[in-house]
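# Commentary on secondary and tertiary structure
Residues per chain are reported as follows:
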Amino acid sequence: MSTIIYPSPIFGPVHSRRLGVSLGINLQPGDGKMCTFDCVYCECGFNADHIPHSPRPTREQVAECLEQTLAKMRADGILPDVLTFAGNGEPTGHPDFASIIDDTLRLRDKYAPAAKVSVLSNATFVHHPLVRAALMRVDNNIQKLDTVDIEYIQKTDRPTGRRYDVEEVIDNLALFQGRVIIQTMFMKGIVDGIDYDNTSDHYVLPWLRALRHISPREVMIYTIARETPTVGLQKATLEELNHIRDMVIAEGIPCTAYC
């Protein structure tokens, strides 16, 4: 089993199937994983297998490294399509997240004004007003909602730390008033007697009701693309993803499927 631990605070650029040429911003340590989820499908592996020994990068370190990288990319004539907060765990958990967003927008405007700023988040900090306000300022506020079934969440996304209340998360996502993109992982497979299939109507129909309440700008649905720490998980088929995509579009919400 291989996993990906990203350098910190800047990595890439990499090609994203959803976002294009992406320069990554990792607000977690570069030698391990710190996340409020411990997903069975995470390309970075399980939290316990990658405990970091270094601290998170500071706001100042992030800004300095980002400016150096963007200046070099502009000098080389290669600019990113997007600056993406992702990496080794939940980016919005950084104590200076809101200020780092301010710095990133300023540097984007200076060096790569055509680039979008995206945040890939698991929505565990959207209850914080400062985090929500910062996310309202980025171009692509991408929040995870794999299902609304709490049993599936507990066995698949495996929240850590603070009590995870999916109804509270949904209500907080609705506070963005449409300035949010929902991303959902669909997959299948039975591993050690645990069924990880969330492609059936049992999971999809309640998820659709949540989408109606959130009223997102867009929905991105996708499936496994890289090796996972839980061996035996399977990709959802293109046919299954397209069927779910069409159900979302029928609700009047733009949706794209990535297989």
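See the structure printed just above.
This structure is a prediction, so every number in the text was calculated from the model and none was measured. (Residues numbered from 1 in each chain as written. Predicted model: local features only at pLDDT ≥ 70, side-chain atom pairs only at ≥ 80, totals over all residues. Heavy atoms only, no water.)

## Observations concerning the pairing of strand β5 (residues 140-144)
Most of β5 sits inside the fold, with five of its five residues counted as buried. Burial of β5 is two-sided: the residues N140, I142 and K144 facing one way and the residues N141 and Q143 facing the other way are all buried. As paired strands, strand β4 (residues 116-121) and β5 are joined by four bridges and run parallel to one another. Looking at β5, one finds that L120 is bridged to I142. With helix α3 (residues 129-135) bridging β4 and its parallel neighbour β5, the resulting β-α-β unit is right-handed. Bridge count for β5 against strand β6 (residues 181-185) is three bridges, and the pairing is parallel. Across the sheet, the residue bridging to K144 is Q183, located in β6. (Buried < 20%, exposed > 50% of the residue type's maximum accessible area, 1.4 Å probe, protein only. Helix = DSSP H or I, 4+ residues; strand = E, 2+ residues; numbered from the N terminus. Pairing = 2+ DSSP bridges. Right-handed = clockwise from strand over helix to strand, strands pointing away.)

## With respect to the layout of surface pockets
When its volume is computed, the second largest pocket comes out at roughly 170 Å³. Lining of the second largest pocket is provided by 17 residues; of these, T124, F125, H127, R162 and R163 occupy positions nearest its centre. When its residues are assigned to classes, the lining of the second largest pocket shows six nonpolar, seven polar and four charged. (1 Å grid on protein atoms, 1.4 Å probe; cavity = no way out; pocket = protein on both sides within 12 Å on 5 of 7 lines; lining within 4 Å. Points joined across faces, edges and corners; volume = space filled by probe spheres on them. Nonpolar A, V, L, I, M, F, W, Y, C, P; charged D, E, K, R; others polar.)

## A look at helix α1 (residues 59-76)
For the α-helix, the turn length of 3.6 residues means that residues three or four positions removed from each other point alike. For α1, which comprises 18 residues, the first-to-last C-alpha distance of 26 Å matches the rise-based estimate of 26 Å (1.5 Å per residue) to within 8%. Buried within α1 we find V62, A63, L66, L70 and M73. Axial view of α1: buried residues confined to an arc of 105 degrees, hence all on one face. Those residues of α1 that are exposed and angled more than 90 degrees off the buried face are E60, K72 and A75. (Expected span 1.5 Å × (residues − 1). Arc of directions from axis to C-beta.)

## Regarding the nonpolar core
Residues L145, L173, M187, W207 and V219 are the most contacted members of the largest nonpolar core, which totals 75 residues. Residue contributions to this core peak at seven residues, all from helix α6 (residues 201-214). Every residue in contact with L145, bar those within four places of it in the chain, is listed here: V166, I170, I182, Q183, T184, W207, A210 and I214. (Core = buried A, V, L, I, M, F, W, Y, C linked by side-chain atoms within 4.5 Å. Contact = heavy atoms within 4.5 Å.)

## Some details on the packing of α1 against helix α2 (residues 97-111)
In the contact formed by α1 and α2, the axes pass within 10 Å of each other and the chain directions differ by 15 degrees. Taken together, the axes of α1 and α2 are roughly parallel relative to one another. The chirality of how α1 crosses α2 is right-handed. Touching R59, V62, A63, L66, E67, L70, A71 and R74 of α1 are S99, I100, D103, T104, L107, R108, K110 and Y111, all from α2. (Axes fitted to C-alpha atoms, helices over the stretch in contact; angles between N-to-C directions. Parallel < 35°, antiparallel > 145°, perpendicular 65-115°, else oblique. Left-handed = near helix turned anticlockwise from the far one by under 90°.)

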